[in-house]
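A structural walkthrough
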Amino acid sequence: MPAYEDSFQELVTDLKNADEGVRARSAVRLGALRDAEAVEPLIAALADESDLVRRAAIRALADIRDPRSFEAVERLLRTNLHWYGNAPNAP
């Protein structure tokens, strides 16, 4: 567990908050920590009902760059191909 366990655990807990904004910000902050302990909770966040949260989780997992997340992210992107057209700098 990370040395900053309390704040880390709060962020993980906030991934289940009723407010999608809180969930999305928590995902982004977990990604900024670049801690592999966040990978599993962020993979779980890929199933969130909110596009905002799912996109934040993808960005966070990309920041962490842990191979465990690759398959889950690819599966989500394959089922949400419309996101590609909305991405910045998309062809």
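Notes on the structure in this doc start here. What you see is a predicted model, and the numbers here were worked out from it, not measured in a lab.

Moving on, we come to the overall build of the protein chain. Within the protein chain one finds 6 helices and 0 strands. Sequence-ordered secondary structure for the protein chain, helices as α and strands as β, is α-α-α-α-α-α. Within the span of the protein chain, comprising 91 residues, buried residues form 40% of the whole. Excluding contacts between residues fewer than 6 apart, the proportion of contacts in the protein chain whose partners are at least 24 apart in sequence is 56%. Taken as a whole, the protein chain presents about 5800 Å² of accessible surface, with 52% of it coming from carbon and sulfur.

What follows is about helix α5 (residues 70-79). What α5 keeps buried is the set Ala-72, Val-73 and Leu-76. What you see down the axis of α5 is that its buried residues fit within an arc of 95°, all on one side. Seen from the open side of α5, the exposed residues pointing more than 90 degrees away from its buried face are Phe-70, Glu-71 and Arg-78.

Ranked by size, the top nonpolar core spans 22 residues in total, and within it Leu-15, Leu-30, Ala-38, Leu-42, Leu-46 and Leu-61 carry the most contacts. Secondary-structure elements contributing two or more residues to this core are α1 (5-14), α2 (20-33), α3 (39-45), α4 (51-64) and α5. Setting aside chain neighbours within four positions, we find Leu-15 in contact with Arg-23, Ser-26, Ala-27, Leu-30, Pro-41, Leu-42, Ala-45 and Asp-48.

Conventions we followed
Residues numbered from 1 in each chain as written. Predicted model: local features only at pLDDT ≥ 70, side-chain atom pairs only at ≥ 80, totals over all residues. Heavy atoms only, no water. Helix = DSSP H or I, 4+ residues; strand = E, 2+ residues; numbered from the N terminus. Buried < 20%, exposed > 50% of the residue type's maximum accessible area, 1.4 Å probe, protein only. Contact = heavy atoms within 4.5 Å. Areas by Shrake-Rupley, 256 points an atom, 1.4 Å probe, with all protein chains shown as cover. Arc of directions from axis to C-beta. Core = buried A, V, L, I, M, F, W, Y, C linked by side-chain atoms within 4.5 Å.

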